[in-house]
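Structural overview for review
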Amino acid sequence: MKTESNRPRRVAELIRRELAMLIPRELDDPHAHQITITGAEVSRDMSSARIYYSLLSGAAEAKQTTKSLNRAAGFLRHALMERVSLRSVPALRFYFDESVERGARIDSLIEQALSEDKQRQK
């Protein structure tokens with residue numbers, strides 16, 4: 001039974017890798033080359049997948065890019081069907097991964113606090 005619990009995770013990783021190659025090649029979107037697929041989660045019944053992405057350009061275009069990716073989800077799912085050997089490819093849903101932006105903001109705050117401490121010590 002251990003292999004059954006691993007299957008959604010393995011399928012999610014396969015989908016993540018394939019989408020990372022498909023999106024810049026196949027999508028006619030100005031942000032397609034700026035998209036990095038950061039993660040994927042597949043439901044236990046393998047019917048749906050949550051795909052997380054980040055943008056090199058930052059969060060400013062995230063809302064529009066999420067709409068574009070979700071509109072292209074059917075096309076991308078069909079392209080995945082041709083590339084991977086799965087009985088059925090889960091329905092795709094895209095979400096902007098805010099953790100990268102949050103991490104950069106926290107790094108910035110830490111740097112600011114350190115520089116303020118140095119200023120006070122002088």
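Below, the structure is looked at part by part. (Residues numbered from 1 in each chain as written. Predicted model: local features only at pLDDT ≥ 70, side-chain atom pairs only at ≥ 80, totals over all residues. Heavy atoms only, no water.)

**Re the overall build of the protein chain**
- Tallying secondary structure elements over the protein chain gives four helices and three strands in all.
- Of the regular secondary structure in the protein chain, the N- to C-terminal order runs α-β-β-α-α-β-α.
- Rg of the C-alpha trace for the protein chain: 18 Å, well past the compact-globule value of 14 Å for 122 residues, more than 25% over.
- If you line up the protein chain on its principal axes, its C-alpha atoms span 65 × 40 × 20 Å.
- Counting all 122 residues of the protein chain, 35% fall into the buried class. (Helix = DSSP H or I, 4+ residues; strand = E, 2+ residues; numbered from the N terminus. Rg over C-alpha atoms; globule rule 2.2 N^0.38 Å. Buried < 20%, exposed > 50% of the residue type's maximum accessible area, 1.4 Å probe, protein only.)

**Digging into the sheet that holds strand β3 (residues 91-96)**
- Strand order in the open sheet formed by three strands is β1-β2-β3, with mixed pairing between adjacent strands. Every interior strand has two partners, whereas the edge strands, β1 (35-42) and β3, have only one. Direction aside, the axes of adjacent strands within the sheet are offset by 30 degrees on average.
- When strand β2 (residues 48-55) meets β3, the two strands line up parallel, connected through six bridges. Its bridge partner being in β3, Y52 is matched across the sheet by Y95. (Pairing = 2+ DSSP bridges. Axes fitted to C-alpha atoms, helices over the stretch in contact; angles between N-to-C directions.)

**Description of the pairing of β1**
- Of the pairings in the sheet, the one linking β1 to β2 comprises seven bridges and is antiparallel in character. Each residue of the ladder has a partner; that of T36, found in β2, is S54.
- Between the end of β1 and the start of β2, which pair antiparallel, lie five residues, with M46 showing a positive phi angle near 65 degrees.

**With respect to the pattern of salt bridges**
- Per the stated rule, a full pass over the model turns up four salt bridges.
- Across the salt bridge formed by E13 and R16, the nearest N and O atoms sit 2.6 Å from each other. Taken together, the residues span about one helical turn, with E13 and R16 both in helix α1 (residues 2-26) at a distance of three residues.
- When the shortest N-O distance is used, the salt bridge between D117 and R120 registers 3.4 Å. Placement of both D117 and R120 in helix α4 (residues 99-121) is noted, with a separation of three residues, approximately one turn of the helix.
- Residue class for D117 comes out partly exposed when judged on its relative accessible area of 36%.
- The network of salt bridges with common partners includes E13, R16 and R17. (Salt bridge = Lys/Arg side-chain N within 4 Å of Asp/Glu carboxyl O.)

**Notes on the nonpolar core**
- Among the nonpolar cores identified, the biggest contains 29 residues, and L19, I23, L76, L92 and F94 are the most heavily contacted of them.
- Elements supplying a minimum of two residues to this core: α1, β1, β2, α2 (62-71), α3 (73-83) and β3.
- Considering every element that reaches this core, the biggest residue donor is α1, with six residues.
- In this view, F94 contacts L19, I23, I51, T66, L69, N70, A73 and L76; residues no more than four positions away in its chain are not counted. (Core = buried A, V, L, I, M, F, W, Y, C linked by side-chain atoms within 4.5 Å. Contact = heavy atoms within 4.5 Å.)

**Comments concerning the side chain of N70**
- Of note, N70 is situated in helix α2.
- At 2.8 Å, the side chain of N70 forms a polar contact with the backbone nitrogen of F94.
- Apart from residues no more than four positions distant in its own chain, N70 is found in contact with L92, R93 and F94. (Polar contact = N/O pair within 3.5 Å; in protein donor to acceptor, adjacent residues only side chain to side chain.)

**Some words on α3**
- Among the residues of α3, those classed as buried are A73, L76, A79 and L80. Buried residues of α3, seen end-on, are gathered within an arc of 125 degrees and therefore sit on one face of the element. (Arc of directions from axis to C-beta.)

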